[in-house]
Amino acid sequence: MTDTEIMVGSGMKVSVSRDELVQKLSIVSRAVSTRTTVLVLGGILLRAENGELSLAATDMELSLRTTLDAQVDGEGAVVVPGKMLVELARLLPDEDVVIEHRAEEGVVRVDSGAYSSRLHTYNVEDFPRLPEIGAVGTFSVDKDALLDTVSRVSRSASRDESRPVLTGILARFEAGKLVMAATDSYRLSVKETPMEGEAPELEAIIPARALTEVTRIASAADTLELGVQENQVVFVAGGVTLTTRRIEGQFPNYRQLIPESYEQVVTLPRNDVLEVVRRVGVMAQRNSPIRLRFTEGELTVSAQTQDVGESHESLPVGYVGEPMEIGFNADYLRDGFESVTGDDAEFKLISPLRPAVIQGESDDFTYLVMPIRLPST
Amino acid sequence: MDSFDSVPEQPEAKRLLRAALAEGPAHAYLFHGPPGVGKSLAARAFAAELIGDRDRVLRKAHPDVYELDRVGDQIRIDDIRSLRHDLHMRPFEAQRRVYLLEDAHTLNEDAADALLKDLEEPPSYAVMILIADELGPLPETIRSRCQHVPFRRLSERAVREALEAHAPELAPSTVTALARLAGGRIDRFARLLEPESARRRESLLELARDVYRDPSFDPALAAEQVIAAAAEFGDRARKDAEKDLERFHLTQRDADLRLRRAQRGAEREELLASLEELAAWYRDLVVVATGAERAAIHSDRLDVIAEDATVERLLAAERACELVRQAWRELEEFNLNAALALESLFIRLRRELAPNLVYDS
């Protein structure tokens, strides 16, 4: 038996606060489906028991659940059209809202002040069974560390469905640390974060979209719990439970991609370089590369796009050796300097045709980016 | 007793599918055969057995059955991309996840290409079922990557039984006629049983007879009448689709495409069905004129047919039947202007069946 499977009572009846209802609905409504083939997925499951009204929605990929205090005058469950309920809850005239399921009429009444409405319902038995939290159990993780890790790696995840496994973020819990990696095959972000707590060793590929939603629900919460089941991953934060299906497949062996040694390791003032890359990058349009030319003591960043224009800017850096010029996608290069932290960033190079690595001085974050072959190099 | 009991006949398909369930399913299946003979029903039954939660699958309420939700007239690459996105996530609650691709014969080239890799090597939990009315439009690369499950035209008896179960209130003579009009397709029941159906058939048969009886028969008007009847169906299908749309957030473009598909699809189906009824009328004239009343399709109109089925009309009726069938094939296969095609058909029918009746123009 799973969590959402419950007895359908004689008729659910609850009184709730409008503002709280609106706030909680806005949380779960992000998982209401817009797919047209399974109607019940467009609904929100309301369940009243033990002095609480719980809300649940799922789009078959992501599920969100939360609860609010309620005066329960009749226990039971019902599924109502989600989009409709969210819209009307916002507009209710009175702070006191009564929601009552009239099973024999197949409707839910929503009353507030002088306002009264009747919504048609979906069959409760048709609502997907959401993963039961207790079955596998969750463990608490360092919330700030996890959210920071997600925000640092997630932009390297692919948005292209042609390689579905790359639309996910690899999460691996090892003794004392969390490792997350994401790559779209043009760049790779890996972050290792020391983590206190009782996390067992495990590994899962989690959809990047789901982790973005985790950030949303957890940023204001005090704690974050996580559980990994065979097919789903569960996050609990701030009274909200988020579950997501796991991505199936083999994540690329990213450790093989990161070079073991480099020809050049240049320490760059992170903020200055970031500014330069942003400014100069404006002229790198239509897939034109941004060029980094290293000469003795100087870095020149330039970009040009035919029929658009050209720009360049130099700054002093501690480069020693033969001049080297290497090209990148301007957005990917900028993302790299944005993702590392600290005043200085290390820029590690082998040759203009081999990947470059950007690392911050203060933490274990690696950003690897593939170069673009420049004409005449 | 299994979910296949609700599927009429199709012994070969059922044998293959039961064997697959016993031995473990392949990655991908291609259910093929004429429309309306139980392919979708069988696919859902197969999904129910694969997933195990029979009732919920058959009620279309199981989260681990993914139905490809095509937007326009064709299955496009975007539809396949959404499928891919889902395919590589593990099942929601079951051990398996079943993907149903209805109207797989409408896969366009890009979409078919995009599907190839996943058809060859889908994740272990996935079973893909392609459902196609014809194999011709499907590229060999797709066909060769699926196990084929053939479906055949249903016998009159099977259609009759399904119809009786569907509408037990019908008189036996009506059941016979409607079962024959259904042309071996159980998806035609809704059309044959809807309230306006009797009236519409009456006026169509009136037209069929006017061709050889009415001195002032006007082919253009006749064509218009048939098209207007089909347009009614299209409008109704569009309104039904509009009601569905209100529940979803779709882009304006997707919503429009969906409505247009519903409307055009229903219009075309009705037009083809009308032509089949028309062809059947002229065929019945031949059948009855040669003394084989029992084989008549419009078997509830035998008195009228007997009146019209003269020996003198025999050859012309046979040719008329063939003319209508030819028009059906042309409309089915090509994107013709239906009004012109029908007008030309009625002119030829008139010439064939009533060469001596003068046009009153």
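What you are looking at is a predicted structure, and each value in this text was computed from that prediction instead of being measured.

A.B. asks: Explanation requested: the overall build of chain B in the structure shown.
C.D. replies: If you tally the helices and strands in chain B, you get 15 helices and 5 strands. Relative to its length of 361 residues, chain B is compact, with a C-alpha radius of gyration of 23 Å against a globular reference of 21 Å. Viewed in the frame of its principal axes, chain B has a C-alpha envelope of about 70 × 45 × 40 Å. When the 361 residues of chain B are sorted by exposure, 52% land in the buried category. With an accessible surface of roughly 16,900 Å², chain B has 50% of that area assigned to carbon and sulfur atoms.

A.B. asks: For this particular structure, what's the right way to read helix α10 (residues 197-213) of chain B?
C.D. replies: Residues spaced three or four apart along an α-helix face the same direction, because each turn holds 3.6 residues. All names here are of chain B. Here α10 is 17 residues long and its end C-alpha atoms lie 24 Å apart, about the 24 Å a rise of 1.5 Å per residue gives. Taken as a whole, α10 has its buried residues at S197, R200, R201, L204, L205, L207, A208, R209, D210, V211 and Y212. Looking at the packing, one finds that the buried side of α10 touches α8 (172-181), α9 (189-193), α11 (219-245), α12 (252-289), α13 (302-308) and α15 (338-353).

A.B. asks: Please clarify how the sheet that holds strand β5 (residues 71-74) of chain A should be interpreted in this entry.
C.D. replies: Each strand in a sheet pairs with its neighbour through backbone hydrogen bonds, running either in the same direction (parallel) or in the opposite one (antiparallel). All names here are of chain A. Spatial ordering of the open sheet is given by β5-β1-β7-β8-β9, a layout of 5 strands whose pairing is antiparallel. Looking along the sheet, the strands with just one partner apiece sit at the ends: β5 and β9 (115-120). When strand polarity is set aside, the average angle formed by the axes of neighbouring strands in this sheet is 20 degrees. Pairing of strand β8 (residues 107-112) with β9, which is carried by 6 bridges, proceeds in the antiparallel orientation. Looking at the pairing, S112 lines up with Y115 of β9. Where helix α1 (residues 18-28) meets the sheet, it contacts β1 (13-17) and β7 (96-102), and its direction lies at approximately 95 degrees from that of β1. Relative to the sheet, helix α2 (residues 82-91) contacts β8 and β9, its axis offset from that of β9 by approximately 170 degrees.

A.B. asks: Looking at this model, I keep getting lost on the pattern of salt bridges. Mind explaining?
C.D. replies: Any two side chains of opposite charge can pair if their charged atoms end up close together. Residue and element names in this part refer to chain A. Under the counting rule described, the total for this entry stands at 72 salt bridges over all chains. As a salt-bridge pair, R30 and E213 come within 2.8 Å of each other at their nearest N and O atoms. One end of the pair, R30, is in the loop between α1 and β2 (43-49); the other, E213, is in helix α5 (residues 208-218), with 183 residues separating them in the sequence. Under the relative-accessibility criterion, R30 is labelled partly exposed at 36%. Here E213 falls in the buried class, since its relative accessible area comes to 6%. The shortest N-O distance in the salt bridge between R187 and D335 comes to 2.9 Å.

A.B. asks: Just checking my understanding: could you explain unusual backbone geometry for this structure?
C.D. replies: Glycine aside, a negative phi is what most residues show, and trans is what most peptide bonds show. Residue and element names in this part refer to chain A. You will see that N50, though not glycine, has its phi angle at about 50 degrees, which is positive. Mapped onto the elements, N50 comes out in the loop between β2 and β3 (52-58). Phi at M60 is positive, roughly 80 degrees, even though this residue is not glycine. Mapped onto the fold, M60 is located in the loop between β3 and β4 (62-69). We classify M60 as buried; its relative accessible area is 2%.

A.B. asks: What exactly am I supposed to notice about the domain arrangement of chain B here?
C.D. replies: Where interface size is given, it is often the accessible area lost as the parts come together that is meant. All names here are of chain B. The domain architecture assigned to chain B consists of domain 1 (3-150) and domain 2 (194-360). Using only C-alpha atoms to locate each centre, domain 1 and domain 2 end up separated by 34 Å. Each side of the interface is counted separately: domain 1 has 6 residues, and domain 2 has 6 residues. The interface formed by domain 1 and domain 2 includes 0 salt bridges. At the surface where domain 1 touches domain 2, the tally comes to 0 residue pairs in polar contact (both at pLDDT 80 or more). Taken together, the residues of the side of domain 1 that touches domain 2 break down into 1 nonpolar, 1 polar and 4 charged.

A.B. asks: Even after reading the chapter, I still don't get the sheet that holds strand β15 (residues 224-228) of chain A, so can you show me in this structure?
C.D. replies: Residue and element names in this part refer to chain A. A sheet is described by the order of its strands in space; here 8 strands give the open sequence β6-β2-β3-β4-β17-β16-β15-β10, paired in antiparallel fashion. Each edge of the sheet is formed by a strand with only one pairing partner; in this case those strands are β6 (76-81) and β10 (139-141). Between one strand and the next, the sheet's axes are offset by a mean angle of 20 degrees, whatever the strand orientation. Bridging between β2 and β3 involves 5 bridges; their strand directions are antiparallel. In the sheet register, L45 faces β3, and the bridge partner there is A56. Along the sheet, α1 contacts β2, β3, β4 and β17 (240-245); its crossing angle with β4, the most-contacted strand, is approximately 170 degrees.

A.B. asks: Just checking my understanding: could you explain the domain arrangement of chain A for this structure?
C.D. replies: On domain assignment, one finds that chain A holds domain 1 (12-126), domain 2 (133-254) and domain 3 (258-369). Centre-to-centre separation of domain 1 of chain A and domain 3 of chain A, based on C-alpha positions: 52 Å.

A.B. asks: How do you make sense of the packing of α12 of chain B against α15 of chain B when you look at a structure like this?
C.D. replies: Each pair of packed helices can be described by the angle between their axes along with the distance between the axes. Residue and element names in this part refer to chain B. One way to put it is that α12 packs onto α15 with a least axis distance of 13 Å and a crossing angle of 5 degrees. The angle between the axes of α12 and α15 places the two elements in the roughly parallel class. Contacts between α12 and α15 involve L271, L275, L278 and Y282 from the former and A338, L342, L345, F346, L349 and L353 from the latter. Residues belonging to the contact of α12 with α15 are distributed by class as follows: 10 nonpolar, no polar and no charged.

A.B. asks: What am I meant to see in the environment of L85 of chain A here?
C.D. replies: Residues and elements named next belong to chain A. Residue position: L85 is located in helix α2. On the basis of relative accessible area, L85 is assigned to the buried category, the value being 3%. Between the alpha carbons of L85 and I44 there is a distance of 8.3 Å; along the sequence they are 41 residues apart. Beyond its immediate sequence surroundings of up to four residues, L85 is in contact with L25, L46, V80, V110 and L119.

A.B. asks: What am I meant to see in the packing of α10 of chain B against α12 of chain B here?
C.D. replies: All names here are of chain B. Remark: α10 packs on α12, axes separated minimally by 10 Å, with the N-to-C direction vectors making an angle of 50 degrees. Of the possible angle classes, the one that applies to α10 and α12 is oblique. Seen along the crossing, α10 lies across α12 with a hand that is right-handed. Here α10 contributes R200, R201, L204, L205, A208, R209, V211 and Y212 to the contact with α12, which in turn contributes E270, S274, E277, L278, W281, Y282 and L285. For the contact of α10 with α12, the residue count by class is 9 nonpolar, 1 polar and 5 charged.

A.B. asks: Quick question: what am I supposed to make of α11 of chain B here?
C.D. replies: Taking 1.5 Å per residue as the helical rise, α11 of chain B with its 27 residues ought to reach 39 Å, and the 39 Å between its terminal C-alpha atoms agrees with that figure. Of all the positions in α11 of chain B, only P219, A222, A223, V226, A229, A230, F233, G234, A237, A241 and L245 of chain B are classed as buried.

A.B. asks: Explain the environment of F217 of chain B here, please?
C.D. replies: Residue and element names in this part refer to chain B. By the secondary structure assignment, F217 is in the loop between α10 and α11. Classification of F217 as buried rests on a relative accessible area of 5%. C-alpha separation for the pair F217 and N335, spaced 118 residues apart in sequence, amounts to 27 Å.

A.B. asks: Is there a simple way to explain the interface of chain A and chain B in this structure?
C.D. replies: Opposite the 31 residues of chain A that make contact, chain B presents 29 residues. For the interface between chain A and chain B, the tally reads 3 salt bridges. Across the pair R59 of chain B and D126 of chain A runs a salt bridge whose closest N-O atoms are separated by 2.5 Å. If you look at where chain A meets chain B, you find 14 residue pairs in polar contact (both at pLDDT 80 or more). Per-class residue counts for the side of chain A that touches chain B are 10 nonpolar, 9 polar and 12 charged.

Parameters at a glance
Residues numbered from 1 in each chain as written. Chains lettered and ligands numbered in written order. Predicted model: local features only at pLDDT ≥ 70, side-chain atom pairs only at ≥ 80, totals over all residues. Heavy atoms only, no water. Helix = DSSP H or I, 4+ residues; strand = E, 2+ residues; numbered from the N terminus. Rg over C-alpha atoms; globule rule 2.2 N^0.38 Å. Buried < 20%, exposed > 50% of the residue type's maximum accessible area, 1.4 Å probe, protein only. Areas by Shrake-Rupley, 256 points an atom, 1.4 Å probe, with all protein chains shown as cover. Expected span 1.5 Å × (residues − 1). Contact = heavy atoms within 4.5 Å. Pairing = 2+ DSSP bridges. Axes fitted to C-alpha atoms, helices over the stretch in contact; angles between N-to-C directions. Salt bridge = Lys/Arg side-chain N within 4 Å of Asp/Glu carboxyl O. Domains from an automatic or database assignment. Polar contact = N/O pair within 3.5 Å; in protein donor to acceptor, adjacent residues only side chain to side chain. Nonpolar A, V, L, I, M, F, W, Y, C, P; charged D, E, K, R; others polar. Parallel < 35°, antiparallel > 145°, perpendicular 65-115°, else oblique. Left-handed = near helix turned anticlockwise from the far one by under 90°.

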